Amino acid sequence: DQQVKQNSPSLSVQEGRISILNCDYTNSMFDYFLWYKKYPAEGPTFLISISSIKDKNEDGRFTVFLNKSAKHLSLHIVPSQPGDSAVYFCAASSAGTASKLTFGTGTRLQVTL
Amino acid sequence: DTAVSQTPKYLVTQMGNDKSIKCEQNLGHDTMYWYKQDSKKFLKIMFSYNNKELIINETVPNRFSPKSPDKAHLNLHINSLELGDSAVYFCASSQADGRETQYFGPGTRLLVL
């Protein structure tokens, strides 16, 4: 029962271009969404989040878009840099169990020169 | 000055053994977590403690027992290890039991032979 899905296991983007990572969820109780970034042999690190009362949140080169009707969110990275190469995890939580994050399986982003 | 640290980083052991993984955070956070990332890369929460009290206990075999001697430490003890326990175990912490950012440790790679 995978409630958070990242259907693209990998993505390759040229440096300077836009990276778009997608995430879909099935649980309509989710109201808070996060993106984490993970380098090999390290733990995930928080990148950006969005509450369901918003449809967009921006932090520097990173923007997260939320489409509640489609139960879809996306992370845009522009411009992409080689240091962005990592695995990106989408996560979600609901108000009732706020500290419990449900993660997707991740998308490996490769930014090429 | 590591925020969330785990020991050991690697653990190779035989089936049937008992082992412990230690986690410490120096962020002054109230809530700590254990996650398991299996071979399919699913990152799933196992336990969560807030101020030394268990608040999340997912469907985890009772061979897994978390112990929190103080709010800076959350250790994971595993009895009678099985092949299926092979995974990467991540410890995490957050300021409070809520929508606060979770900070992850580097992970402990457990291999059961």
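The coordinates are above.
Residues numbered from 1 in each chain as written. Chains lettered and ligands numbered in written order. Predicted model: local features only at pLDDT ≥ 70, side-chain atom pairs only at ≥ 80, totals over all residues. Heavy atoms only, no water.

Scanning chain B from N- to C-terminus turns up zero helices and eleven strands. Sequence-ordered secondary structure for chain B, helices as α and strands as β, is β-β-β-β-β-β-β-β-β-β-β. Its C-alpha atoms give chain B a radius of gyration of 13 Å, within 12% of the compact-globule value 13 Å for 113 residues. Taking the principal axes of its C-alpha atoms as reference, chain B extends roughly 35 × 30 × 25 Å. When the 113 residues of chain B are sorted by exposure, 44% land in the buried category. Within chain B, residue pairs in contact and separated by at least 24 positions form 55% of the contacts whose partners lie at least 6 positions apart. Here chain B displays about 5600 Å² of accessible surface, and carbon together with sulfur accounts for 49% of that area. Across chain B, 13 positive and 12 negative side-chain charges occur, with their mean positions spaced 6 Å apart. (Helix = DSSP H or I, 4+ residues; strand = E, 2+ residues; numbered from the N terminus. Rg over C-alpha atoms; globule rule 2.2 N^0.38 Å. Buried < 20%, exposed > 50% of the residue type's maximum accessible area, 1.4 Å probe, protein only. Contact = heavy atoms within 4.5 Å. Areas by Shrake-Rupley, 256 points an atom, 1.4 Å probe, with all protein chains shown as cover. Lys, Arg positive; Asp, Glu negative; His and termini not counted. Charge placed at Lys NZ, Arg CZ, Asp CG, Glu CD.)

This next bit is on the sheet that holds strand β3 (residues 19-25) of chain B. Residues and elements named next belong to chain B. Spatially, four strands are ordered β1-β3-β8-β7 in an open sheet, and the strand pairing comes out antiparallel. Lying at the two open borders of the sheet, with one neighbouring strand each, are β1 (4-7) and β7 (64-70). In this sheet, neighbouring strand axes are inclined to one another by 20 degrees on average, regardless of whether the strands run parallel or antiparallel. As judged from the four bridges shared by β3 and strand β8 (residues 73-78), these two strands associate in the antiparallel manner. For Glu24, the partnering residue across the bridge sits in β8 and is His73. (Pairing = 2+ DSSP bridges. Axes fitted to C-alpha atoms, helices over the stretch in contact; angles between N-to-C directions.)

As a further point, take the state of the cysteines. Residues and elements named next belong to chain B. Evaluation of the coordinates by the stated rule reveals two disulfides over all chains. A sulfur-sulfur distance of 1.8 Å marks the disulfide that ties Cys23 to Cys91. Taking the sign of the S-S torsion, -75 degrees for the link of Cys23 and Cys91, the bridge is left-handed. Residue Cys23 is found in strand β3, and its partner Cys91 is found in strand β9 (residues 87-94); the two are separated by 68 residues along the sequence. (Disulfide = S-S within 2.5 Å.)

Across the boundary between the two partners, chain B contributes 22 residues, which contact 20 residues of chain A. When the two sides are added together, the surface that chain B and chain A hide from each other amounts to roughly 1700 Å², 58% of it contributed by carbon and sulfur. Counting across the chain B and chain A interface gives one salt bridge. Across the salt bridge formed by Lys100 of chain A and Glu58 of chain B, the nearest N and O atoms sit 3.1 Å from each other. Summed over the shared surface of chain B and chain A, the result is three residue pairs in polar contact (both at pLDDT 80 or more). Elements that contribute at least two residues to the side of chain B that touches chain A include exactly β4 (31-37), β5 (43-50) and β6 (53-57) of chain B. Grouping the amino acids of the side of chain B that touches chain A by side-chain chemistry returns ten nonpolar, six polar and six charged. (Buried area = accessible area lost by both parts, 1.4 Å probe. Salt bridge = Lys/Arg side-chain N within 4 Å of Asp/Glu carboxyl O. Polar contact = N/O pair within 3.5 Å; in protein donor to acceptor, adjacent residues only side chain to side chain. Nonpolar A, V, L, I, M, F, W, Y, C, P; charged D, E, K, R; others polar.)

Okay, a nonpolar patch on the surface next. Residues Ile18, Ile20 and Val78 of chain A make up a contiguous nonpolar surface patch of about 230 Å² in total accessible area. Residue Ile18 of chain A is classed as partly exposed on the basis of its relative accessible area, which comes to 41%. (Patch = residues over 30% accessible without salt bridge, like charges linked within 9 Å, V, L, I, M, F, W, Y side chains within 5 Å.)

This next bit is on the sheet that holds strand β6 (residues 56-59) of chain A. Residues and elements named next belong to chain A. With antiparallel pairing, the five strands of this open sheet are ordered in space as β1-β3-β8-β7-β6. Pairing within the sheet leaves two strands with one partner each, and these edge strands are β1 (4-5) and β6. Pairing of strand β3 (residues 19-25) with strand β8 (residues 72-77) involves six bridges; the strand directions are antiparallel. From the neighbouring strand, Ser19 faces β8, where its bridge partner is Ile77.

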